[in-house]
Amino acid sequence: MKLELRWLNCLWLMAPLLAWNISLAPKITLDKVISDANSPTWLLVAENLARIVVFVFPLLLPLRLQDAVSKTGLITYLIGTLLYFITWIPLIWMPDSLWSQSAVGLLAPRLTPLLPFLGIALIGQSMPYAVLAVLFIILHTWHGIQNLTP
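(A) Structural context of the overall build of the protein chain. Looking only at helices and strands, one finds nine helices and zero strands in the protein chain. Secondary structure elements of the protein chain occur, N-terminal to C-terminal, as α-α-α-α-α-α-α-α-α. Its C-alpha radius of gyration of 16 Å places the protein chain within 12% of the 15 Å reference for a compact globule of 150 residues. With the C-alpha coordinates aligned to their principal axes, the bounding extent of the protein chain is approximately 55 × 30 × 25 Å. The buried share of the protein chain, reckoned over its 150 residues, is 41%.

(B) Fine view of the pattern of salt bridges. Under the criterion given, the structure shown has two salt bridges. A salt bridge links R51 to E47, with the nearest nitrogen and oxygen atoms 3.2 Å apart. Of this pair, R51 and E47 both sit in helix α4 (residues 41-56), four residues apart, which is roughly one turn of the helix. R51 gets classed as partly exposed once you look at its relative accessible area, which sits at 26%. Relative accessible area serves as the criterion here: at 2%, E47 is assigned to the buried category. Residue E47 pairs with R110 through a salt bridge whose shortest N-O separation is 3.8 Å. Of this pair, E47 sits in helix α4 while R110 sits in helix α7 (residues 103-111), and the two are 63 residues apart along the sequence.

(C) Up close: the confidence of the model for the protein chain. Put simply, the protein chain has an average pLDDT of 90, and 91% of its residues get 70 or more. The weakest mean pLDDT in the protein chain belongs to helix α1 (residues 2-6) at 51; the strongest belongs to helix α8 (residues 114-124) at 98.

(D) Representation of a nonpolar patch on the surface within the structure. Together, L11, V45, L49, I52, V56, L59 and L60 line one region of the surface with nonpolar side chains, adding up to about 650 Å² of accessible area. Within the element layout of this structure, I52 appears in helix α4. Given a relative accessible area of 52%, I52 falls into the exposed group.

(E) Structural view of unusual backbone geometry. Even without being a glycine, Q125 presents a positive backbone phi close to 50 degrees. Following the sequence through the fold, Q125 ends up in the loop between α8 and α9 (127-148). The class of Q125 is partly exposed, set by a relative accessible area of 38%.

(F) Highlighting the environment of S23. Turning to its location among the elements, S23 is positioned in helix α2 (residues 15-24). In this structure the side chain of S23 is engaged in a polar contact, spanning 3.4 Å, whose partner is the backbone oxygen of W20.

(G) Local environment of the environment of Y129. Mapping Y129 onto the fold places it in helix α9. Between the alpha carbons of Y129 and L60 there is a distance of 10.0 Å; along the sequence they are 69 residues apart. Apart from residues no more than four positions distant in its own chain, Y129 is found in contact with M14, V54, F57, P58, L61, F117, I120 and A121.

(H) Region of interest: helix α5 (residues 68-93). Look at α5: 38 Å from first C-alpha to last across 26 residues, which is about the 38 Å you get at 1.5 Å a residue. S70, G73, Y77, G80, T81, Y84, F85, T87, W88, P90, L91 and I92 are the residues of α5 that are buried. Elements that come into contact with the buried residues of α5 comprise α2, α6 (98-101), α7 and α8. You can read the cap of α5 off the contacts: a side-chain oxygen lies 3.3 Å from the backbone nitrogen of V69, and it is on D67.

(I) A look at the packing of α2 against α5. Following both chains from N to C, one finds α2 and α5 inclined at 5 degrees, their axes separated by 11 Å at the closest point. Taken together, the axis directions place α2 and α5 in an arrangement best described as roughly parallel. Where α2 abuts α5, its residues P16, L17, W20, N21 and L24 lie against Y77, T81, Y84, F85, W88 and I92. When its residues are assigned to classes, the contact of α2 with α5 shows nine nonpolar, two polar and no charged.

Conventions we followed
- Residues numbered from 1 in each chain as written.
- Predicted model: local features only at pLDDT ≥ 70, side-chain atom pairs only at ≥ 80, totals over all residues.
- Heavy atoms only, no water.
- Helix = DSSP H or I, 4+ residues; strand = E, 2+ residues; numbered from the N terminus.
- Rg over C-alpha atoms; globule rule 2.2 N^0.38 Å.
- Buried < 20%, exposed > 50% of the residue type's maximum accessible area, 1.4 Å probe, protein only.
- Salt bridge = Lys/Arg side-chain N within 4 Å of Asp/Glu carboxyl O.
- pLDDT = per-residue confidence, 0-100.
- Patch = residues over 30% accessible without salt bridge, like charges linked within 9 Å, V, L, I, M, F, W, Y side chains within 5 Å.
- Areas by Shrake-Rupley, 256 points an atom, 1.4 Å probe, with all protein chains shown as cover.
- Polar contact = N/O pair within 3.5 Å; in protein donor to acceptor, adjacent residues only side chain to side chain.
- Contact = heavy atoms within 4.5 Å.
- Expected span 1.5 Å × (residues − 1).
- Axes fitted to C-alpha atoms, helices over the stretch in contact; angles between N-to-C directions.
- Parallel < 35°, antiparallel > 145°, perpendicular 65-115°, else oblique.
- Nonpolar A, V, L, I, M, F, W, Y, C, P; charged D, E, K, R; others polar.

In structure tokens form, the structure reads like this:
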């Protein structure tokens, strides 16, 4: 029984986010979204290190849905994941739309992962994970803002 419980961790909640990114990121053709030309090396390194930590840390968080905090986390995770997915759709299917050409539209996929990450923090009841997730989102968004500058 104890061996089975070790597999019940929050890493499973990262699977939909990773699958979405891996399968659909190549379909985004906007140069503003994917260019690193205006970003300093230190920012790219810091963002990638934070990304690794935020995506691996949930392995240490138990997946428990037994109390109000973790149930609130699940709702936050589900709503946040749905919003995150929705922000990608215009960038892929309508790259010339007003949304896809606006700063809000281009930065939304960088900001909205905060909700599923905070949901994971609540489910795993980990304030350190929440802080690391916020740090990653700040770096990720900063990188995105730099892509918007000519």
